[in-house]
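Inside the fold
So the chains spell out like this:
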Amino acid sequence: MLYILGGVALCAALLVWNYVRIPWDMPRNIPSVPIYVSLIGLWSNMGQDEIYQRWLRAPLEKHGAVKIFFAGRWNVLVTRPEYLTDMFRREDVYAKAGSQKKIPWSVIATLVGDNVINSHGEDWKLYTSVLKPGIQKQDFRIEPIVDKTRTFVSMLLEDQRRCGPARGVMVNGLIQRWAIAIMGECFLDIDFGCLENAGVRVEELQSIIKRVLFHPLFFNFPTLDKFPWLFRSRKYAYSIVREFEELLVQLVRTRPRKINPYSKEDEKGRRRGDQSGELVIHLLERALDDGAITEAQFRANLKIVFLTAHENVQQLLNSVFWELGVNQEVQEKLRAEVLATGAETPTAELLNNDMPYLTSVVYEMMRLYPPVSQLINRVTVAPAVLASKIEIPNRTWVGWNAYGVHTDAGVWRDAMSFVPERWGTNMKDIQAMYRREQVRGNYIPFNAHTRKCLGSGFALLETKVALFELMRRTRWTVDPTYEYKLTPVRYSWDAPYVIVANFVRVVFSRRCGARSFWRSCNRARRRIDEA
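Quick look at the structure, then. The shown structure was predicted, so the numbers you read here are calculated from the model rather than taken from an experiment.

Calculation criteria
Residues numbered from 1 in each chain as written. Predicted model: local features only at pLDDT ≥ 70, side-chain atom pairs only at ≥ 80, totals over all residues. Heavy atoms only, no water. Helix = DSSP H or I, 4+ residues; strand = E, 2+ residues; numbered from the N terminus. Buried < 20%, exposed > 50% of the residue type's maximum accessible area, 1.4 Å probe, protein only. Contact = heavy atoms within 4.5 Å. Areas by Shrake-Rupley, 256 points an atom, 1.4 Å probe, with all protein chains shown as cover. Salt bridge = Lys/Arg side-chain N within 4 Å of Asp/Glu carboxyl O. Pairing = 2+ DSSP bridges. Axes fitted to C-alpha atoms, helices over the stretch in contact; angles between N-to-C directions. Parallel < 35°, antiparallel > 145°, perpendicular 65-115°, else oblique. Nonpolar A, V, L, I, M, F, W, Y, C, P; charged D, E, K, R; others polar.

1. Observations regarding the overall build of the chain
Broken down by element type, the chain carries 21 helices and twelve strands. Burial status across the chain gives 59% buried among its 531 residues. Sequence separation of 24 or more characterises 74% of the internal contacts of the chain that already satisfy a separation of 6 or more. Summed over all atoms, the accessible surface of the chain reaches about 22500 Å², with 54% contributed by carbon and sulfur.

2. Notes on the side chain of Glu245
For Glu245, the position within the fold is in helix α12 (residues 232-254). Residue Glu245 is classed as buried on the basis of its relative accessible area of 15%. When residues no more than four places from it in sequence are discounted, the contact partners of Glu245 are Thr110, Arg299 and Lys303.

3. Description of the pattern of salt bridges
Taken as a whole, this structure holds 31 salt bridges when the rule is applied. Salt-bridge contacts for Lys210 lead to Glu311; the nearest nitrogen and oxygen are separated by 2.9 Å. With a gap of 101 residues between them, Lys210 in helix α10 (residues 201-212) and Glu311 in helix α14 (residues 295-326) connect regions that are remote in the sequence. Given a relative accessible area of 13%, Lys210 falls into the buried group. Classification of Glu311 by relative accessible area gives buried; the value is 5%. A salt bridge links Glu332 to Arg335, with the nearest nitrogen and oxygen atoms 3.0 Å apart.

4. Quick notes on the pairing of strand β7 (residues 374-380)
Taken residue by residue, a regular strand's side chains alternate between the two faces of the sheet. Extensive coverage of β7 is indicated by the burial of seven of its seven residues. Note: strand β3 (residues 94-96) against β7, three bridges, orientation antiparallel. Looking across to β7, one finds that Ala95 is bridged to Val379. Pairing of β7 with strand β10 (residues 397-401) involves four bridges; the strand directions are antiparallel. Directly across from Leu375, in β10, lies its bridge partner Trp400.

5. A word on the sheet that holds strand β1 (residues 65-70)
Within the open sheet, the five strands sit side by side as β1-β2-β10-β7-β3. Their pairing is mixed. Bordering the open sheet on either side are β1 and β3, each of which pairs with just one other strand. Ignoring which end each strand starts from, the neighbouring axes of this sheet average 40 degrees apart. With three bridges joining them, strand β2 (residues 73-78) and β10 adopt parallel strand pairing. Bridge pairing links Val78 to Trp400 in β10.

6. Some thoughts on the packing of helix α15 (residues 328-340) against helix α17 (residues 356-368)
Contact pair α15 / α17: the axes reach a minimum separation of 8 Å and the direction vectors enclose 140 degrees. Between α15 and α17, the angle is such that the two are oblique. Two secondary-structure elements touch here, α15 through Val330, Lys333, Leu334 and Glu337 and α17 through Pro356, Tyr357, Leu358 and Val361. For the contact of α15 with α17, the residue count by class is six nonpolar, no polar and two charged.

7. Thoughts on the sheet that holds strand β12 (residues 505-509)
A sheet is described by the order of its strands in space; here three strands give the open sequence β4-β12-β11, paired in antiparallel fashion. The outermost strands of the open sheet, each flanked by one partner alone, are β4 (169-170) and β11 (475-478). Sheet topology places β11 next to β12; four bridges connect them, and they run antiparallel. If you follow Thr477 over to β12, its bridge partner there is Val507.

The values reported here are purely geometric and, on their own, carry no functional implication.
Here's what the structure looks like:
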């Protein structure tokens, strides 16, 4: 019996060793991150910045790349600009691919499917041709963003009134509701009603998904997702993901539209409209009806639009409340620029062309707090030599870490300091630096080159509207009882995926006199009631 038990134990040990060992053909001239770093979320509540500083910064800044264990395999993670630009430019070698290719049986693959972000080749071209006109509209209506943002700020003021002047307001939850509401109006032609009303199921599911789906154990050992009968938490995760998909499809397919995309009849008797005036959902539905995409492709791209079109801005605004709450000098300087416009209702032209400090603040926020900090979503389709220095075998997964390159002292002066002025003092210089640093691989909050995020312009505009309205109507400080932490690893979408101030609590105070502030709170309460 002892021999049998010993044999079983030996076989189990060999299986584990084979699973976690570094393949012999992985690059030899870059170091390996200890495997326990990937698993640290199982027992630690360390922030992503703490993990990066302790185990990743030194080897990445010295070598430019490391081997790191994630999603059941060893990958190459890159931060050096020359390596990043080589990887981004050679899409034919470092092909975009996601969980649907890497771990197709997993919960995360069930959630996102094959979509415009993680596809490659002809599929990517197809999805881009369908979605791009709706995401990068030249005449994007700013009114829904402004209206929802005004309601959002009013609700923050009302929450502060209820808390009293001494206690801070927890902003994270309301930010998520705001971001989803705007995404629904601007991309899906739906008012989900989740901003004005708590408990809307499609919004609630986002919080549940983040809580149950991305556990470090299952993300690093995705084979375990094959056994939902053994792990009840994974069975529940699968059910939540499927509930989200079915609910979202049901909402967008049956809710009455606020915009009629059709204006003239086509050859099939339907009324066709000018594509430039259509939203993303109209374009997706048309592609599905015409047979250009399948039902599965429709659902996958609908879900990824929902997820990414609210998640990135949500995370960035969370960090805005922290950074500007502790950096009062920047907050006051930004408020002065906003008030100097004399405008109560911002326009896209004003925000994008005539507010240099606002633009610099947003760019600097994305440098220090990139909403998507790390992704390992490229795979070599042939043996490759990265920037003529690192030999990478075929079928090796390669990724990037934006936080790493953005805070590398060899790339950025005063890399860990929040300095909006580094971008310039006028819009021409600011935009020139923004483009230049992206091309060089020094600044990658939205990826880069041909696979740059389609929604980056919308995300920038939405963030600027939020800051404009916040500066115009409020001022805030961070609650002194709040303990600063950048996204504990156990709450991340990827490992490490998000760099964001976690569970921020802030205290809103007067912009005028105390009486004026509380009068504004009362006006906010009336606005919410009217909404």
